[in-house]
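Here is how the chains run, residue by residue.
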Amino acid sequence: MKRFKAALIDMDGVLYDSMRGHAASWKKMCDEIGLDTDPDEFYMYEGMTGKATINLLMKRERGHEVSDEEAARLYAIKTANFRALGPAPVMPGAQRMIAALGALSMTRVLVTGSAQASLLDKLEHDYPGVFVDGRRVTALDVKHGKPDPEPYLKGASLVGAHPADCMVVENAPLGVRAGKAAGCFVCAVMTGPVPREEFVKEGADMIFNSMEEFADYLEGILENKQLRK
Ligand code: MG
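First, a word on what this report is: a plain description of the structure on this page. Because the structure is predicted, anything quoted here is derived from the model rather than measured. (Residues numbered from 1 in each chain as written. Predicted model: local features only at pLDDT ≥ 70, side-chain atom pairs only at ≥ 80, totals over all residues. Heavy atoms only, no water.)

Per the secondary structure count, the chain includes 10 helices and 6 strands. Rg of the C-alpha trace for the chain: 18 Å, near the compact-globule value of 17 Å for 229 residues, within the 12% margin. Projecting the C-alpha coordinates of the chain onto the three principal axes gives extents of approximately 60 × 30 × 30 Å. In the chain, buried positions account for 48% of the 229 residues. Expressed as a percentage of contacts within the chain between residues at least 6 apart in sequence, the contacts between residues at least 24 apart total 64%. Carbon and sulfur atoms make up 53% of the accessible area of the chain, which totals about 10,600 Å². (Helix = DSSP H or I, 4+ residues; strand = E, 2+ residues; numbered from the N terminus. Rg over C-alpha atoms; globule rule 2.2 N^0.38 Å. Buried < 20%, exposed > 50% of the residue type's maximum accessible area, 1.4 Å probe, protein only. Contact = heavy atoms within 4.5 Å. Areas by Shrake-Rupley, 256 points an atom, 1.4 Å probe, with all protein chains shown as cover.)

Here you go:
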């Protein structure tokens, strides 16, 4: 693997094992309004805005999109469902991954489509000193969310790195698409039910079966480097 200046790191499904909760919150809201959905399909929409997800489902199931007000109302229900679940657990292996990226001299930057305060506030507790001010791109910092390249371009420019010198860490196909469109090297980590082909289709440069596997891989690089010293 080449030397990267920065690691641009997604949050949901990467730093936190939160996608199960997001998917369940979507499913509950849809069930309540009688919208027929598959429990696993929400993993494919990760990265899309709430409004875009709602309109995709409405168009498919009812043949029409909804007003911005109705989309906002439904999305608020989904968000409340998620909050009621309590804070999501740290993704097993993610703290080792973050430590290894730091030891490999990569500047670590958070690049998330989330604006969910419950998780953003927890970052300093679970990953102390890593995602400090100036090392975070959230939903509030961009005009266009993933799969648009803007969030990852912004993450790279925050730390003065060329996108080609950045490694993206993603768990979602649309996130992989955003990273590739920005011109970054993208590591996809399969932490949910999305099949491998979806990450291949989006052009992921490397695909790992779990966060533990990715952390092992990075620690292996580190060990080799130290042996060579
Ligand atoms: Mg994610």
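Having seen it, we continue.
This part takes up empty space enclosed by the protein. Evaluation of the coordinates by the stated rule reveals 1 cavity of 30 Å³ or more. Its volume calculated, the largest cavity comes out at about 50 Å³. If you go around the largest cavity, the residues you meet are Tyr43, Glu46, Asn171, Ala172, Pro173, Thr191, Gly192, Pro193, Val194 and Phe199. The residue inventory of the lining of the largest cavity, partitioned by class, reads 6 nonpolar, 3 polar and 1 charged. (1 Å grid on protein atoms, 1.4 Å probe; cavity = no way out; pocket = protein on both sides within 12 Å on 5 of 7 lines; lining within 4 Å. Points joined across faces, edges and corners; volume = space filled by probe spheres on them. Nonpolar A, V, L, I, M, F, W, Y, C, P; charged D, E, K, R; others polar.)

Take helix H1 (residues 19–32) next. With 14 residues, H1 should reach 20 Å at 1.5 Å per residue; the first-to-last C-alpha distance of 20 Å fits that figure. All of the buried residues in H1 are Met19, Gly21, His22, Ala23, Ser25, Trp26, Lys27, Met29 and Cys30. Buried residues belonging to H1 abut helix H2 (50–62) and helix H3 (68–84). (Expected span 1.5 Å × (residues − 1).)

What follows deals with the side chain of threonine 138. Structurally, threonine 138 can be placed in the loop between strand E3 (136–137) and helix H7 (150–158). Beyond its immediate stretch of four places on either side in the chain, threonine 138 contacts Thr112, Ser114 and Leu120.

With that out of the way, let us pick up the layout of surface pockets. Summary: where empty space remains is shown by rolling a probe the size of a single water molecule over the atoms. In this structure, the largest pocket occupies an estimated 670 Å³ of space. Surrounding the largest pocket, 32 residues form its lining, Met48, Thr49, Tyr75, Gly113 and Ser114 being those nearest its centre. Broken down by class, the residue content of the lining of the largest pocket amounts to 11 nonpolar, 13 polar and 8 charged. The volume enclosed by the second largest pocket comes to roughly 160 Å³.

Attention now moves to the nonpolar core. Ranked by internal contacts, the top residues of the largest apolar core, which has 37 residues, are Leu8, Phe42, Ile54, Tyr152, Cys166 and Phe199. With 5 residues, H1 is the largest single contributor of residues to this core. Those residues in contact with phenylalanine 199 that sit more than four places away from it in its chain are Asn171, Ala172, Pro173, Val176, Ala188, Met190, Val194, Ala204 and Ile207. The next biggest cluster of nonpolar side chains, apart from the first, holds 32 residues, and it includes Val14, Met91, Leu101 and Leu104. (Core = buried A, V, L, I, M, F, W, Y, C linked by side-chain atoms within 4.5 Å.)

Think of an α-helix as 3.6 residues a turn; residues three or four steps apart then line up on the same face. For H2, with 13 residues, the first-to-last C-alpha span of 17 Å sits near the 18 Å given by 1.5 Å per residue. Residues of H2 that are buried in the fold lie against H1 and H3. Looking one or two residues beyond H2, the residue adopting positive phi is glycine 63, at roughly 85 degrees.

Applying the stated criterion across every chain yields a total of 17 salt bridges. Residue glutamate 32 is joined to lysine 28 by a salt bridge in which the shortest nitrogen-to-oxygen separation is 3.9 Å. Placement of both glutamate 32 and lysine 28 in helix H1 is noted, with a separation of 4 residues, approximately one turn of the helix. The exposure class of lysine 28 is partly exposed, given its relative accessible area of 45%. Note that arginine 96 is salt-bridged to glutamate 212, the shortest N-O span being 2.8 Å. Pair noted here: arginine 96 is in helix H4 (residues 94–103) and glutamate 212 is in helix H10 (residues 211–228), with a separation of 116 residues, a long-range link. What emerges from the salt-bridge pattern is a single network uniting Arg96, Glu212, Asp216 and Glu219. (Salt bridge = Lys/Arg side-chain N within 4 Å of Asp/Glu carboxyl O.)

Strand order in the open sheet made by the 6 strands is E3-E2-E1-E4-E5-E6, with parallel pairing throughout. Here the strands that pair on one side only, and so sit at the sheet edges, are E3 and strand E6 (206–208). Alignment of strand E1 (residues 6–9) against strand E2 (residues 107–111), held across 4 bridges, turns out to be parallel. Bridged to isoleucine 9 within E2 is leucine 110. Running at roughly 125 degrees to E6, H10 makes contact with strand E4 (166–170), strand E5 (185–189) and E6 of the sheet. (Pairing = 2+ DSSP bridges. Axes fitted to C-alpha atoms, helices over the stretch in contact; angles between N-to-C directions.)

None of this, on its own, says anything about what the molecule does.
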